Amino acid sequence: MLLDVSSAALSIRGDAGGAGSVLSGGGSGPMVSLRTFGSRLTVEDLEMTGAMACFGSVITAADMAEPCDREAGPLDTSIILRRAHLHDNAYEVGGGVVGVTGGSVVLEDTLIADNQGHAVFSVGADVSCSGSPSIQAGMMRNSKSGVWLSSAGAETGYALISQSCDWGENGQEDVRLGGETSFDGFGEDATFTCDGRSET
């Protein structure tokens, strides 16, 4: 684990120009672990790679007694990834690159691709992804789902909003809702909404 965060807010900013900035997990993780209820994480202009962990290999936001605790409680955190690239990360038991319980995950011009596991594993959290036709931004070529929205143990519903986001070549479906319903084949620059029960 690189950053064990107990503060209310944390911002990690890379170099917006030139060669950019890379944060490597060195085969361990999570890179960032959020442990405070209602905390806020903002990541900008950063490449994050080489992490391995349960639940969320790069970012974990869950109230867990142990790193691989399957009884994770909600933290209602706010996670914003802006112009980030998360790739070549892996999971040990289950989960994804970003694992979160409650709160929200906002992806702006961010690509989560070529990872083991789900790109985003969400338990009762809202997820939004926005991009544009001029860039590749979204969930692509991950070994499991692009986004898995689970309501297990969650007290509230959840939603996924995609605005000009890229989807494709994920090992399973692009979007999984709960344990049974799934959607696939959205393609590039897709705009749609899922509310945990249906796609619109």
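Residues numbered from 1 in each chain as written. Predicted model: local features only at pLDDT ≥ 70, side-chain atom pairs only at ≥ 80, totals over all residues. Heavy atoms only, no water.

Q: Any chance you could explain the overall build of the chain here in plain terms?
A: Secondary structure summary: the chain contains zero helices and 20 strands in total. Here the analysis covers contacts within the chain between residues at least 6 apart in sequence; of these, 68% occur between residues at least 24 apart. Counting every atom, the chain has about 8,500 Å² of accessible surface; 46% of that belongs to carbon and sulfur. (Helix = DSSP H or I, 4+ residues; strand = E, 2+ residues; numbered from the N terminus. Contact = heavy atoms within 4.5 Å. Areas by Shrake-Rupley, 256 points an atom, 1.4 Å probe, with all protein chains shown as cover.)

Q: Any chance you could explain the pattern of salt bridges here in plain terms?
A: Pairing between side chains becomes possible if they bear opposite charge and their charged atoms approach one another. Inspection of the entire model under this criterion finds six salt bridges. Here the salt bridges share partners, and the residues they tie into one network are Arg13, Glu44, Arg82 and Glu108. (Salt bridge = Lys/Arg side-chain N within 4 Å of Asp/Glu carboxyl O.)

Q: Explanation requested: the state of the cysteines in the structure shown.
A: Two cysteines whose sulfur atoms are joined by a covalent bond form what is called a disulfide. According to the stated counting rule, one finds one disulfide in the structure shown. Note that Cys129 is cross-linked by a disulfide to Cys165, the S-S spacing being 1.6 Å. Placement of the pair is Cys129 in strand S14 (residues 126-130) and Cys165 in strand S17 (residues 160-168), with a sequence separation of 36 residues. One exposure class covers both Cys129 and Cys165, and it is buried. (Disulfide = S-S within 2.5 Å. Buried < 20%, exposed > 50% of the residue type's maximum accessible area, 1.4 Å probe, protein only.)

Q: Can you walk me through the nonpolar core in this structure?
A: Soluble globular proteins: nonpolar side chains tend toward being buried together. If you look at the biggest cluster of nonpolar residues, it comprises 41 residues, and the most contacted ones within it are Ile79, Leu81, Leu86, Val98, Ile112 and Trp167. Of all hydrophobic cores here, the second largest spans five residues; its members include Phe55, Met64, Phe121 and Val123. (Core = buried A, V, L, I, M, F, W, Y, C linked by side-chain atoms within 4.5 Å.)

Q: Would you mind showing me how to read the environment of Arg176 here?
A: Within the fold, Arg176 resides in strand S18 (residues 175-177). According to the relative accessible area criterion, Arg176 is buried, its value standing at 17%. Through-space distance from the C-alpha of Arg176 to that of Lys144 is 9.9 Å; in sequence the pair is 32 residues apart. Once residues within four sequence positions are removed from consideration, Arg176 is found in contact with Ser145, Val147, Trp148, Leu149, Thr181 and Ser182. In terms of polar contacts, Arg176 uses its side chain to reach the side chain of Gln172, at 2.8 Å. (Polar contact = N/O pair within 3.5 Å; in protein donor to acceptor, adjacent residues only side chain to side chain.)

Q: Just to check I follow, could you spell out unusual backbone geometry for this structure?
A: Peptide bonds are, in most cases, trans, and in most cases residues other than glycine have a negative phi. Note that the residue after Gly29, namely Pro30, is joined by a cis bond; omega there is 0°. With respect to the helices and strands, the residue Pro30 is situated in the loop between strand S3 (22-24) and strand S4 (32-34). Its identity as a non-glycine residue notwithstanding, Phe55 has a phi of 70°, on the positive side. Locating Phe55 in the fold gives a position in strand S7 (residues 52-61).

Q: What is the right way to read the side chain of Ser39 from this model?
A: Relative to the elements of secondary structure, Ser39 occurs in the loop between S4 and strand S5 (40-44). Residue classification places Ser39 among the buried residues on the basis of a relative accessible area of 1%. Reaching out from Ser39, the side chain makes a polar contact with the backbone oxygen of Thr36 at a distance of 3.0 Å.

Q: Please clarify how the pairing of strand S8 (residues 77-82) should be interpreted in this entry.
A: A regular strand places its side chains on the two faces of the sheet in alternate fashion. Extensive coverage of S8 is indicated by the burial of five of its six residues. Bridging between S5 and S8 involves five bridges; their strand directions are parallel. Each bridged residue has a counterpart across the sheet, and for Leu41 the counterpart in S8 is Ile79. Relative to strand S11 (residues 103-108), S8 is paired through six bridges, and the arrangement is parallel. In the strand pairing of S11, Leu81 is matched with Leu107. (Pairing = 2+ DSSP bridges.)

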